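# Breakdown of the fold
Each chain, written out:
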Amino acid sequence: MQTKEPFFYAPDLISEFKAAVWENYRAQGRDLPWRNIDDSWAVLVSEVMLQQTQTGRVVSYWHRWMKKWPTPQNLAVASMEEVLREWTGLGYNRRGRFLKLAAEKIVTEFGGQVPRTREALLQLPGIGPYTAGAILCFAYNEPVVFIETNIRSAVLHFFYHDEKKVPDSLLLPILEQTLDREKPRQWYYALMDYGASLKKITENPSRRSAHYTRQSPFKGSLREARGFIVRSLAKTGPLTLEQLAQSTEIEYERLRSAAESLQKEGMVAENEGRYYIV
């Protein structure tokens, strides 16, 4: 089905959508520890952790990290090995590395304060357009437009129920029109919870997005090998590929390819055949 061009919807339909979102929030809004707090660093940490990781898995990690590194200054002086050890289990280890590097930049270039503009936030390692928007909204209550999977699900379900391959360019004008500029933080909490609740009662609406991609299996993937290498090096220190291969069933060639990719990204370095965290 050909998707319709973006336009401003009738006020009655917009009001119906907003009423459904708020009603769901009043009935089953999630009480998450990083919500409704006056701590921009805590919000930034939660948003990086929530990238590509389910909320339920993040809660215990977030509590532990905030106890261990409650400010950017605390994380900035930690060793990368310790940071990645604490990250183990969340997946996509470069997020942990980016978070450490972001803390360093916040301290050295922003006076220890999480930036309050999109342009400055985008200078931080690991912070893309969505995360920058989320930080502005949830940390500083700024009325900005941004989109992620649950927000996407909410809008697709209500406005594009029967269409497929819908691009975000059609959804962003709707988010602009529905944004509650007086209480944007609460509105986005409600909107994200509405999208999350839909996945429990219907097929995931985000699958009808033009940007949806199905994640490849973890077992047997390069991601599995990369994760194993980072965990091992963070736990025990420098190791050769041969030493790594002795403690896993992952094929040697996949370990070698994973080590090379990690080295290219600056996650690890090699000296005389021994790999180590940098």
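In what follows, the accompanying structure is described. (Residues numbered from 1 in each chain as written. Predicted model: local features only at pLDDT ≥ 70, side-chain atom pairs only at ≥ 80, totals over all residues. Heavy atoms only, no water.)

### Some words on the packing of helix H2 (residues 40–50) against helix H8 (residues 129–140)
Test applied: Lines fitted to C-alpha atoms define the axes, with helix axes restricted to the stretch in contact, and inter-axis angles between N-to-C directions lie between 0 and 180 degrees. Only runs of H or I of at least four residues qualify as helices and only runs of E of at least two qualify as strands under DSSP, and these elements are numbered from the N terminus. Handedness of each helix crossing follows the sense of rotation of the near helix against the far helix: counterclockwise by less than a right angle gives left-handed, clockwise gives right-handed. Note on contacts: a residue pair qualifies if any of its non-hydrogen atoms lie within 4.5 Å across the two residues. For this classification, the nonpolar set comprises Ala, Val, Leu, Ile, Met, Phe, Trp, Tyr, Cys and Pro, the charged set comprises Asp, Glu, Lys and Arg, and every other residue, Gly included, is treated as polar.
Two elements in contact, H2 and H8, have axes whose closest approach is 9 Å; the angle formed by their N-to-C orientations is 145°. Between H2 and H8 lies a crossing whose hand is right-handed. From H2, Ser40, Val43, Leu44 and Glu47 reach across to H8, where they touch Tyr130, Thr131, Ala134, Ile135, Phe138, Ala139 and Tyr140. For the contact of H2 with H8, a count of residues per class yields eight nonpolar, two polar and one charged.

### Points about the pattern of salt bridges
For the record, the criterion: Whenever a carboxyl oxygen of Asp or Glu lies within 4 Å of a side-chain nitrogen of Lys or Arg, that contact is scored as a salt bridge. Relative accessibility under 20% of the residue-type maximum defines a buried residue, over 50% an exposed one, and the middle range a partly exposed one, all with a 1.4 Å probe and only protein chains included.
Counting across every chain of the model gives 16 salt bridges. With a closest N to O distance of 2.6 Å, Asp193 and Arg30 form a salt bridge. Remark: Arg30 occurs in the loop between helix H1 (11–28) and H2 and Asp193 occurs in helix H11 (residues 184–201); sequence separation between them is 163 residues. Taking the relative accessible area as the measure of exposure, Arg30 reaches 28% and is therefore partly exposed. The residue Glu224 makes a salt bridge to Arg254 at a minimum N-O spacing of 3.3 Å. In this pair, Glu224 sits in helix H12 (residues 222–236) while Arg254 sits in helix H14 (residues 252–265), placing the two residues 30 residues apart along the sequence. By the burial criterion, Glu224 is buried, and Arg254 matches it.

### Re the environment of Lys18
Secondary-structure assignment places Lys18 in helix H1. With 81 residues separating them in the primary sequence, Lys18 and Leu99 have C-alpha atoms 34 Å apart. Apart from the residues lying within four places of it in its own chain, the contact partners of Lys18 are Thr178, Leu179 and Trp187.

### A look at the pairing of strand E3 (residues 274–277)
Note the cut-off: For two strands to pair, DSSP has to find at least two bridges joining them.
Along E3, the buried face is formed by Tyr275 and Ile277; none of Arg274 and Tyr276, which line the opposite face, is buried. Here strand E1 (residues 239–240) pairs with E3 via two bridges, running antiparallel. Its bridge partner lying in E3, Leu239 is registered against Tyr275. Bridge count between strand E2 (residues 268–271) and E3: four bridges; the pairing is antiparallel. Among the inter-strand pairings, Asn271 is bridged to a residue of E3, identified as Arg274. Between E2 and E3, which pair antiparallel and follow one another directly, the connecting turn spans two residues, one of which, Glu272, has a positive phi of 55°.

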